[in-house]
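Architecture and fold: a report
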Amino acid sequence: MSAVRVHLGLLLLAVVLAAQTWLRESPSTADTERILAWEEDTTLVSSVVYSAADRRVEVQRRADEGGLPFYWGIEGVVGAGSLDEYPVGSAGRSLVDGLARLRVLRDLGEVSGPPASGIRADSPRLDLVVGDRVRTLVLGDTTFGGEGRYAVEGGAGRVLVLPAALVRPLEIGADALRERQVHHFQNGDAARVRITLGDRTIDAVLDEGSWREDGAGGPDPVLDGLMQRVGQLAIGGFDVPSGAAASTPFLRVDYFGPDDEPIGFVELLRGSVTDSAAFYLRSETTRVLARAVASLAQRVEQGVEELLRP
């Protein structure tokens, strides 16, 4: 069974990477190879909804307290009471862009009973909500070779062949769409950090590629080692049950840019008493608690212990 899981994991990774590769394609390349089916203003797109007989996945455009937009995923099994929610990452953001400016492999026009399309009354559908309008694509079979996906544009009746990679992330759901980056800034973008360890606060600066305490005369390998480990933290998922994490973080790092403007933060928490082996994190990209990859979080905890050691 372990070998099967490994192969399934590699297959899922390949699908996600293929989708991201197509979605990142430059407009100039897409212009020469694909047909523009429609073009909408991305800023007016409020949501993308994938609906199938057994499940529903929605990517919503929201705004934070400062008015900056972000995308949020909501999915669940039809008929079930619980929903899974998570921040959407780069694959989901590119997906919205790709659907707003839809380029297709083929535009077959209005075809009566398109052969091999596989479109039925209960076929999955994809809705792009733009202001008070909805653009609908009813999805059919994949084309020979799997590169394309038949779809009928609701209302217009024309049959399109979509790039299949444009649909797969929605079919996969959270594993393809969720945020994977702890930060959107690069490691070298931060010039200063404030490290909070319980009731102790340490201000540190980046000096010739290494972190040292602000005002210290020389390098601090223990502090620098901790910051290197913090920079390696990774998100394991967003399936965090209520009460799974401790109420307060044992580490918080606030990042500041060259002009001393805040550019991000990360908090690291231990699991609660019933889940003490787990670690959780929160950052400016996750917005909510996420499961941290435990092996990497444990190395950070060890770095904290080394720093606090008398």
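Criteria and thresholds
- Residues numbered from 1 in each chain as written.
- Predicted model: local features only at pLDDT ≥ 70, side-chain atom pairs only at ≥ 80, totals over all residues.
- Heavy atoms only, no water.
- Pairing = 2+ DSSP bridges.
- Helix = DSSP H or I, 4+ residues; strand = E, 2+ residues; numbered from the N terminus.
- Axes fitted to C-alpha atoms, helices over the stretch in contact; angles between N-to-C directions.
- Contact = heavy atoms within 4.5 Å.

1. Quick look at the sheet that holds strand S13 (residues 200–207)
- Strand order in the open sheet formed by eight strands is S14-S13-S12-S16-S17-S18-S19-S15, with antiparallel pairing between adjacent strands. Two strands bound the open sheet, and with one partner strand each, they are strand S14 (210–213) and strand S15 (235–237). Strand-to-strand twist in this sheet, taken as the mean axis angle between neighbours without regard to direction, amounts to 30 degrees.
- This element, helix H6 (residues 221–230), spans strand S12 (192–197), S13, S14, strand S16 (251–256) and strand S17 (262–270) of the sheet and lies at about 125 degrees to S14.
- Each of S12, S13, S16, S17, strand S18 (279–283) and strand S19 (290–292) is contacted by helix H7 (residues 294–308), which is oriented at about 85 degrees to S18, the strand it contacts most.

2. A closer look at the sheet that holds strand S2 (residues 45–51)
- Taken together, the nine strands give an open sheet; going across it, the order is S5-S4-S3-S2-S8-S9-S10-S11-S7, and neighbouring strands pair in antiparallel fashion. Lying at the two open borders of the sheet, with one neighbouring strand each, are strand S5 (84–87) and strand S7 (106–110). The average angle at which neighbouring strand axes cross in this sheet is 20 degrees, direction not considered.
- With four bridges joining them, S7 and strand S11 (residues 158–163) adopt antiparallel strand pairing.

3. Some words on the pairing of S5
- Bridge count between strand S4 (residues 69–77) and S5: four bridges; the pairing is antiparallel. In the strand pairing of S5, Ile74 is matched with Glu85.
- The hairpin formed by S4 and S5 contains six residues between the paired strands, and Gly79 there has a positive phi angle of roughly 95 degrees.

4. Observations concerning unusual backbone geometry
- A positive phi angle, close to 70 degrees, is found at Asp260, a residue other than glycine.
- On the secondary structure map, Asp260 appears in the loop between S16 and S17.
- With a phi close to 65 degrees, Arg287 is a non-glycine residue in the positive phi region.
- Structurally, Arg287 is set in the loop between S18 and S19.

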